[in-house]
Amino acid sequence: MADANGIAKQFQPPFTVKVLSAAKNGEVVEFFVESTKIAEERANVVIRQHEDFVWLLHCLQTMENVTSVIFPPLPDRPMTSLQAAEKKTKKQVGGKPSILVGDDYGVNCKANEKFLNLLLSHPRLGNSSVLQKFIREKEAPPRVKVRRGIFGVLTKVVDDIRVSNFKDSNQDFQQTRVSNEENIKDMKQAASSFQKIVDTQHRISNAYTEIYSLLQQMAVDHATPVFSSQLTSPLNEAIQHASELSNVSATNSQRSLGSTLHLYAGYSQSQHDMLQKRVQKAIELDGAKRNYEKAKPQKKTQAENDMRKLENELEVMTSLAKPELERFNRQRILALQAGLTQLADSEIKNSRDAVAVFAKSCSCVQQM
Amino acid sequence: DDEEDVAAEEQSKIEPAETEISLDYDPEPAQVEKEEEVAPKIEEPVKELPKIPERLKEDVEIDLASSSQTEDKVNDITILVSDPHKVGDGMNAYMSYVVRTKTSMAIFKHAELTVDRRFSDFLGLHEKLLAKHRHAGRLVPPAPEKSIVGMTLIKMSKTDEEASSIDFVEKRRAALERYLNRIARHSLMVQDQDFKDFLEQEELPQATNTRALSGAGVMRLVKNVEGAFSKITIKMTEEDSWFEEKQQQIESLEQQLKRLHGAFESLVHHRKELAVNTALFAKSSATLGNAEEHTALSRALAQLSDAFEKIETVHQEQSNTDYYAVAETLADYLRIIAELKEIFLVRVKSWQNWQNAEQNVQRKKETEAKMQASGRTDKIAVIQADIKELETRVQTCKSDFDELSATIKKEIQSFEQDRVVDFRQLVLIFLKNLMKSQEQNIKNWEGFMPEARAIA
């Protein structure tokens, strides 16, 4: 895929995808996935559930020729239960509210959209038939539940320990693994603390709304309200805007930096998985080498074949991992940049609007 | 220790009630002018005191003393309470404050006065003012609340710095300042000798009657119980519709203030939370920046951390202003309303006295009539003399009641005017604060933007 200068040509995704909206259908949340083929006008819409995405990722991860691919992390399952709604309400409103925060699948839609576009723009995944079927075919693929039995989890844990103790002979990879371990921790922390900011902003928005409702109610219920009608008007306007401001800031923050941090916290884990596989291969190779050395003459050839095979596999993994890591890193940096600039942009814009409103209210009161 | 006077705590508790008050105060042209001239003066913080948050002083302080009074007269006096410092050790430790007065009023010894006062001194002053003025129907500003938790924190703090930095100390300092300025705003009370002594005298006799088990403390407890009973038992036939209306208005006002106060405290609480979360993220960002290998991104993350630290400061300041300028003022007014209700009670008792006197006359007259009927003419002269005396007594009680009602009427009118001024100021500060915070937010993000753009 490289041109004459050895620089990989930028891969063009064959489709672009939008996840328009989502709606609850009984207990299931249905996502409306719209895709447009490159250079075509007409868009195609299909309906998919979270389980379909799970199955898609599983198929992609188990197909041919995905050695050393860093897969985008699966988006969060949309919440459907009453308990989940209560939990979200508590975070966004605080205390014991009487009304629950509604089901807003906007965040899930955006996350699913991002997920699909990331897959489509990956040079080795974008053209896969599984992916294309997913976004084009009316009928969802048969949903086979991907089982992760307890066995799988246990062996994974044992593997992890063995793998993390393995010292890579390749300095670069060793360094990458170490940074990655650190990065997973840091990103998770950053994503979580940023989310707390977003939640608190929602709480503040609600607090302002409380005050606004109180003032409205008092104007109606009491013959002589606390603030004169002259004062109440600019005050109400300002408070209402303050509430909106906090809400909008929270939403924009989540959409820009929040979702990026969350995505790359998960992506960091995927990177870890990819590096893990390579190390496991190296460990296997070490085992094969020892076998070869210890092998009795009649087994020698077989042992040597095994060893060579593993050597090749490791070689392939390593050679594919390098460009993948570069590509991933580049993507990560650009994504963070986008998230940060979007955040700064929206904060500036929203604050400018707010200053105008508050200044007006101020001068209104000052003139009284 | 007089700081832990639990019985006295009862006095400053806000009692539940409902009030309404007329807000349709239309200042006459002359007064409008005056208000513009004297629009609550923002005092410059006295420069030698680094501990007063400068911004707070400038923006937040409602200059209570120089707002207009009923007689179109303005008291030119401003009082600052500052420099909280710990005195003593262990269980005997207490907090002392510097009280600085600046005034052009002739009734004071000097134009500038400086003294040291502890919390019990303030309470002592309050006791004296109550004793002198409440029975005459004058509205004595409520004293700041006691706090056992706060006091314990102070006694347990190890250094002066630690003691002064406790939130509760700042809250109390601000409350003491508002308290003194409210007294200074009152045309009569500003001249009170005890008040003058408080501001002028180097040493004050230690206020012993604010202690828990003192005689005065026990008396207070008894009076409170009495008071509670009398509220239930005394019914007054209100003949003055003005008073009836006012009481309803005050009840309504109290109701509204309670709810508003709760809502603002909630807002402050959440914004403080936001400040904390912002600081946590700033740390996360710094950690990410440190570990990041890509130079430009690393720098951007470090700058992001700085930006969020600045944002944290904005949130802290905003929540402080909302707290001191709004929430605490609303709370003050709830306490003032509680005191207003006490004065209404005083009036009711006065009315009762008058009614009792009338009844006494009635009884004597009945006795007189009986004597006439039974022909006991010998004692009649005595009875008639008694009746004359009792009738004079009725006159005294009535005029006492009328005088009291007139004073209370004036006090309430003054209260209403002050409230209009204070609440307008409150709204103004709140709105200015909203605007300022957003302006700072713009600056912070505009500062960061080029760093983000420079990443790739």
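These figures come from a predicted structure and were not determined experimentally.

A.B. asks: Just give me the short version of the pattern of salt bridges, but keep the residues and values in it.
C.D. replies: In this structure the tally under the stated criterion is 33 salt bridges over all chains. Among the ionic pairs, E446 of chain B bridges to R352 of chain A, the shortest N-O distance being 2.5 Å. You can see E446 of chain B sitting in helix α12 (residues 377-453) and its partner R352 of chain A sitting in helix α8 (residues 297-366), one on each of two chains. Under the relative-accessibility criterion, E446 of chain B is labelled partly exposed at 37%. Accessibility expressed as a relative area gives 47% for R352 of chain A, which makes it partly exposed. Residue E391 of chain B pairs with K365 of chain B through a salt bridge whose shortest N-O separation is 3.1 Å. Taken as a pair, E391 of chain B in helix α12 and K365 of chain B in helix α11 (residues 295-374) lie far apart in primary sequence, 26 residues in all. Of the residues examined, E391 of chain B reaches a relative accessible area of 31% and is grouped as partly exposed.

A.B. asks: Quick rundown of the packing of helix α6 (residues 171-221) of chain A against helix α10 (residues 241-291) of chain B? Include the residues and the values.
C.D. replies: Packing of α6 of chain A against α10 of chain B leaves a shortest axis separation of 8 Å and a crossing angle of 165 degrees. By the angle between their directions, the pair α6 of chain A and α10 of chain B is classed as roughly antiparallel. Crossing of α6 of chain A against α10 of chain B: the hand is left-handed. Within the contact of α6 of chain A with α10 of chain B, the residues separate by chemical class into 20 nonpolar, 12 polar and seven charged.

A.B. asks: Lay out the pairing of strand β2 (residues 28-37) of chain A in plain terms, naming residues and giving numbers.
C.D. replies: All names here are of chain A. For β2, the tally of buried residues reaches seven of 10 residues, placing the bulk of the element in the interior. Direction of pairing for strand β1 (residues 15-25) relative to β2: antiparallel, over a ladder of 10 bridges. When the bridges of β2 are listed, F15 appears paired with K37. If you look at the hairpin formed by β1 and β2, you'll find two residues sitting between the two strands, and G26 has a positive phi there, around 70 degrees. Bridge count for β2 against strand β3 (residues 43-48) is six bridges, and the pairing is antiparallel. Paired with V33 across the bridge in β3 is V46. Hairpin connection between β2 and β3: a loop of five residues separates the two successive antiparallel strands, and A39 in this loop has a positive phi of roughly 75 degrees.

A.B. asks: Describe the sheet that holds strand β3 (residues 112-118) of chain B, listing the residues and the values that go with them.
C.D. replies: Residue and element names in this part refer to chain B. As summarised here, the arrangement of the three strands in space is β1-β2-β3, forming an open sheet in which the pairing is antiparallel. What marks the edges here is a single partner per strand, and that holds for β1 (77-87) and β3. Within the sheet, the average angular offset between the axes of one strand and its neighbour, ignoring direction, is 20 degrees. Across the sheet, helix α4 (residues 119-133) touches β2 (94-103) and β3, and the angle it forms with β3 is around 105 degrees. On the sheet, helix α7 (residues 167-185) packs against β1 and β2 and is oriented at approximately 150 degrees with respect to β1.

A.B. asks: Quick rundown of the sheet that holds β3 of chain A? Include the residues and the values.
C.D. replies: Residue and element names in this part refer to chain A. Strand order in the open sheet formed by three strands is β1-β2-β3, with antiparallel pairing between adjacent strands. At either end of the open sheet lies a strand with only one pairing partner, and these are β1 and β3. Within the sheet, the average angular offset between the axes of one strand and its neighbour, ignoring direction, is 20 degrees. Of the strands in this sheet, β1 and β2 are in contact with helix α3 (residues 106-120), which crosses β1 at around 150 degrees. Taken strand by strand, helix α4 (residues 129-136) contacts β1, β2 and β3, and its axis lies near 90 degrees from that of β3.

A.B. asks: Let's hear about the domain arrangement of chain B: which residues, and what values?
C.D. replies: Put simply, an interface is often sized by how much accessible area is lost when its parts join up. Residue and element names in this part refer to chain B. Segmentation of chain B into domains returns domain 1 (71-231) and domain 2 (249-455). For domain 1 and domain 2, the distance between their C-alpha centroids amounts to 18 Å. Contact with domain 1, which involves 21 residues of that partner, is made by 22 residues of domain 2. Across the domain 1 to domain 2 interface the summed buried area is about 2,000 Å²; carbon plus sulfur atoms make up 52%.

A.B. asks: Got a sec to walk through the state of the cysteines? Specific residues and values, please.
C.D. replies: A complete count under the given rule lists zero disulfides over all chains for this structure. Its sulfur unpaired, C364 of chain A is 10 Å from the next cysteine sulfur, which belongs to C362 of chain A.

A.B. asks: Tell me what's going on with α4 of chain B, and back it up with residues and numbers.
C.D. replies: Residues and elements named next belong to chain B. With 15 residues, α4 extends 21 Å from end C-alpha to end C-alpha; this agrees with the ideal 21 Å at 1.5 Å per step. Burial of α4 is extensive: 12 of the 15 residues sit out of reach of the surface. Among the residues of α4, F119, S120, D121, F122, L123, G124, L125, H126, E127, L129, L130 and H133 are the ones counted as buried.

A.B. asks: Break down the nonpolar core for me, citing the residues and quoting the values.
C.D. replies: One finds F227 of chain A together with L260 and F430 of chain B to be the most contacted residues of the largest nonpolar core, which totals 106 residues. Elements that contribute at least two residues to this core include exactly α6, α7 (229-294) and α8 of chain A together with α10, α11 and α12 of chain B. The element that contributes the greatest number of residues to this core is α11 of chain B, accounting for 21 residues. Residues I77, L123, L129 and V140 of chain B belong to the second largest nonpolar core, which totals 31 residues.

A.B. asks: Please give an account of the packing of aromatic side chains that cites residues and values.
C.D. replies: Applying the stated criterion across every chain, the model contains 20 aromatic pairs over all chains. Aromatic side chains F122 of chain B and F198 of chain B sit 4.9 Å apart centroid to centroid with 70 degrees between the ring planes, which places their arrangement in the edge-to-face category. Of the two residues, F122 of chain B is situated in helix α4 and F198 of chain B in helix α8 (residues 193-200); the sequence distance between them amounts to 76 residues. For the pair F122 of chain B and F198 of chain B, a shared accessibility class is recorded, and that class is buried. Through a chain of ring-to-ring contacts, the aromatic side chains of F194 of chain A together with F281, F308, W445 and F448 of chain B assemble into a single cluster. Directly above the aromatic system of F134 of chain A lies the positively charged group of R48 of chain A, at a separation of 5.3 Å from the ring centroid. The ring of Y292 of chain A has K300 of chain A sitting right over it, with the charged end atom 4.8 Å from the ring centre.

The rules behind the values
Just so you know, the residues in each chain are numbered from 1, in the order the chain's sequence is written. Chains and ligands are labelled sequentially in the order written, the chains with letters from A and the ligands with numbers from 1. Per-residue local features are limited, in this predicted model, to residues with pLDDT of at least 70; the limit for side-chain atom pairs, both in listing and counting, is 80 or more; totals at the level of whole chains, interfaces and linings are taken over all residues. To get the side-chain values, all heavy atoms of the structure are used, and hydrogens and water are removed first. A pairing counts as a salt bridge when a side-chain nitrogen of Lys or Arg comes within 4 Å of a carboxyl oxygen of Asp or Glu. Only DSSP runs of H or I covering at least 4 residues are called helices, and only runs of E covering at least 2 are called strands; the numbering of each starts at the N terminus. Residue burial is assigned from relative accessible area. The probe radius is 1.4 Å, only protein chains are included, and a residue is buried under 20% of its type maximum, exposed over 50%, and partly exposed in between. For helices, the fitted axis covers only the stretch in contact; all axes are lines through C-alpha atoms, and the angles between them, taken along N-to-C directions, range from 0 to 180 degrees. Any angle between 65 and 115 degrees counts as roughly perpendicular, while under 35 counts as roughly parallel, over 145 as roughly antiparallel, and the rest as oblique. Handedness of each helix crossing follows the sense of rotation of the near helix against the far helix: counterclockwise by less than a right angle gives left-handed, clockwise gives right-handed. We call Asp, Glu, Lys and Arg charged. Ala, Val, Leu, Ile, Met, Phe, Trp, Tyr, Cys and Pro are nonpolar, and the rest, Gly among them, are polar. Note on pairing: DSSP must find at least two bridges between two strands before they are called paired. We call two residues in contact whenever any of their non-hydrogen atoms come within 4.5 Å of each other. Throughout, the edges of the domains are those of an automatic or database domain assignment. A 1.4 Å probe defines the accessible area here, and the buried area is the portion of it lost by two parts on being joined, summed over both. Note on terminology: pairs of cysteine sulfur atoms within 2.5 Å are recorded as disulfides. Given a helix with a known number of residues, its expected span is that number minus one, times 1.5 Å. Throughout, nonpolar core names a set of buried Ala, Val, Leu, Ile, Met, Phe, Trp, Tyr and Cys residues whose side chains join them through atoms within 4.5 Å. Only the six-membered ring of Trp is used, alongside the rings of Phe and Tyr, when aromatic pairs are assigned; centres must lie within 6.5 Å, and planes under 30 degrees apart are stacked while those over 60 apart are edge-to-face, with the rest tilted. We call a charge positioned above a ring when the Lys NZ or Arg CZ atom is no farther than 6 Å from the ring centre and deviates by at most 35 degrees from the ring normal.

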